[in-house]
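Secondary and tertiary structure notes
Now for the letters of each chain:
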Amino acid sequence: MVTVHSSLLQRHYVAHPISLAAFFCAGAIVVIVIIPFLIAYASYSFWLKENTYREQPTVSFRHELMYSIQDSSNYNFFTTFPEANALDSGHLNVPIIQSAGLDDNGDGRIDRFRFNITSRLTSGQTVQKVDLLLFFNYILQDRVHLSMTSAAHVSYSAGLPGSQLVVDGWLRLKQRKPLVVRSDYRTVYNTAIVSGFTSDDYRMHTVLSNYLDRNETTMYEDQYPVWVGNAGGAISEFTLSATIRIPFEIVHYVPPFSETMKWAWVQYLSILIPVAWIAHMIMTFAYKNQIFETRTVTDIPIIKPHQM
């Protein structure tokens with residue numbers, strides 16, 4: 001003889017609806033439902049209000065910049081905005097600008113930019129301070145959809161004149177508030193950063209001040225500057241070499257309702273299962289040992305004799 005199938009016989013504990021046994025059962029059910037919720041809610045992450053994910057943005061250079069070099073008594077500048085150049089043409093110095101975007105891993109996204117800006121200097125002119133403001137198109141398209149114009153600011157000053165500044169750093173995303181997940185792109189900042197009608201509108205500090213008022217910006221961080229002095233000799237040109245790397249970013253966003261509910265349910269269920277098991281063991285012990293008076297009914301099938 002072989003066993004071809006097995007099934008368990010259930011033992012039922014029956015009691016009047018208005019009895020201690022029924023009240024104990026109702027209380028146990030309430031505990032099973034409420035306790036996991038209270039524990040999960042007390043963890044301060046039951047309702048997910050903010051979440052993060054990693055994404056490397058798609059960045060392209062807009063071929064727009066603002067650039068200035070100065071010493072203790074004089075300065076020169078250049079921008080790609082004709083209006084700004086016309087407002088202070090007496091100090092305009094048009095440099096040689098070279099730029100390149102490099103895709104190091106071949107995934108179709110720029111991983112770093114290289115810039116070389118060379119300015120011709122007049123006789124006796126020196127450089128002790130450099131300011132550069134570069135503008136980019138910045139796109140996030142994974143979990144959050146964002147398209148904006150962003151900037152990278154390079155600024156360095158030295159006590160001694162120099163012939164070259166070399167910087168290398170990261171273009172980092174900055175958020176004051178998390179972004180909302182939506183099907184279309186957030187384009188509130190997808191406009192020109194530099195605009196205006198007066199000379200003050202085109203000053204670099206004014207542009208930066210207006211730019212930093214935004215909720216989403218980018219900043220050039222960890223620049224590791226190297227200042228090359230001129231060793232006391234006259235120099236005919238000054239070169240700024242900048243490498244701007246595009247890293248993966250931690251993007252903060254407001255999760256949609258479906259994600260919030262999924263996260264809450266996972267936490268609730270992870271606590272519900274052990275609580276329900278413990279409650280079941282306690283109830284089995286109480287009813288099996290007749291701590292509360294009940295009547296026992298067992299599922300024993302009645303087999304009728306087969307009549308030939």
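Sequence order as written defines residue numbering, which begins from 1 separately in each chain. Local features in this predicted model are restricted to residues whose pLDDT is 70 or higher, and side-chain atom pairs enter the listing and the counts only when it is 80 or higher, whereas totals over whole chains, interfaces and linings include all residues. Computation of side-chain values: all heavy atoms of the structure, hydrogens and water removed.

Some words on the overall build of the protein chain
Note the following rule: Runs of E in the DSSP output that reach at least two residues are strands. Runs of H or I that reach at least four are helices, and both are numbered from the N terminus. Atoms counted for the radius of gyration: C-alpha only. Globule rule: 2.2 Å times residue count to the power 0.38. The contact criterion used throughout is that any non-hydrogen atoms of two residues lie within 4.5 Å. Computed by Shrake-Rupley with a 1.4 Å probe, the accessible areas treat only the displayed protein chains as cover when residues are assessed.
Broken down by element type, the protein chain carries four helices and 15 strands. Taking 2.2 N^0.38 as the reference for a compact globule, 308 residues should give roughly 19 Å; the C-alpha atoms of the protein chain span a radius of gyration of 35 Å, well beyond that estimate. The principal-axis extents of the C-alpha atoms in the protein chain amount to approximately 120 × 50 × 40 Å. Long-range pairs, those at least 24 residues apart, make up 78% of the contacts in the protein chain with a sequence separation of at least 6. With an accessible surface of roughly 18,800 Å², the protein chain has 60% of that area assigned to carbon and sulfur atoms.

Notes on the environment of alanine 28
Positionally, alanine 28 belongs in helix H1 (residues 20–42). Taking C-alpha positions, alanine 28 is 9.0 Å from alanine 276, a pair spaced 248 residues apart along the chain.

Overview of the sheet that holds strand S3 (residues 58–70)
This is how the line gets drawn: Think of it this way: DSSP has to see at least two bridges between two strands before they count as a pair. Note on method: axes are straight lines fitted to C-alpha atoms, helices fitted across the in-contact stretch only, with angles between N-to-C directions ranging 0 to 180 degrees.
An order of S4-S3-S7-S8 is seen for the four strands of this open sheet, with the pairing classed as antiparallel. Edge positions in the sheet fall to strand S4 (75–79) and strand S8 (146–157), since each of these pairs with one other strand and no more. Pairwise comparison of adjacent strand axes, ignoring direction, gives a mean angle of 20° for this sheet. In the sheet, S3 pairs with S4 via five bridges, with the strands oriented antiparallel. Bridging across to S4, glutamine 70 finds its partner in tyrosine 75.

A closer look at the nonpolar core
Short version of the rule: Each nonpolar core is a collection of buried residues, namely Ala, Val, Leu, Ile, Met, Phe, Trp, Tyr and Cys, held together in the definition by side-chain atoms within 4.5 Å. Only protein chains enter the accessibility calculation, which uses a 1.4 Å probe; a residue whose area is less than 20% of its type maximum is buried, one above 50% is exposed, and one in between is partly exposed.
Counting residues in each nonpolar core, the largest one holds 40 residues, and the members touching the most others are Tyr67, Val130, Phe136, Phe238 and Ile244. Those elements that provide at least two residues to this core are S3, strand S6 (112–120), strand S7 (129–140), S8, strand S9 (162–175), strand S13 (237–245) and strand S14 (249–254). Tallying contributions element by element places S7 first for this core, with six residues. Excluding residues that lie within four positions of it along the chain, phenylalanine 136 makes contacts with Val59, Ser60, Phe61, Arg62, Phe113, Phe115, Met148, Thr149, Ser150, Ala152, Leu171 and Ile244. Among the nonpolar cores identified, the runner-up in size contains 13 residues, and Phe81, Leu133, Ile193 and Leu208 belong to it.

Side note on the pairing of S13
On any regular strand, side chains alternate: one points to one face of the sheet, the next to the other face. In terms of burial, S13 is largely enclosed, as seven of its nine residues are buried. The pairing of S9 with S13 spans seven bridges and is classified as parallel. Bridge assignment links glycine 169 to a residue of S13, and that residue is isoleucine 244.

Structural notes on the environment of proline 274
Note on placement: proline 274 falls in helix H4 (residues 257–288). Linking proline 274 and proline 36, residues 238 residues apart in sequence, is a C-alpha distance of 9.3 Å.

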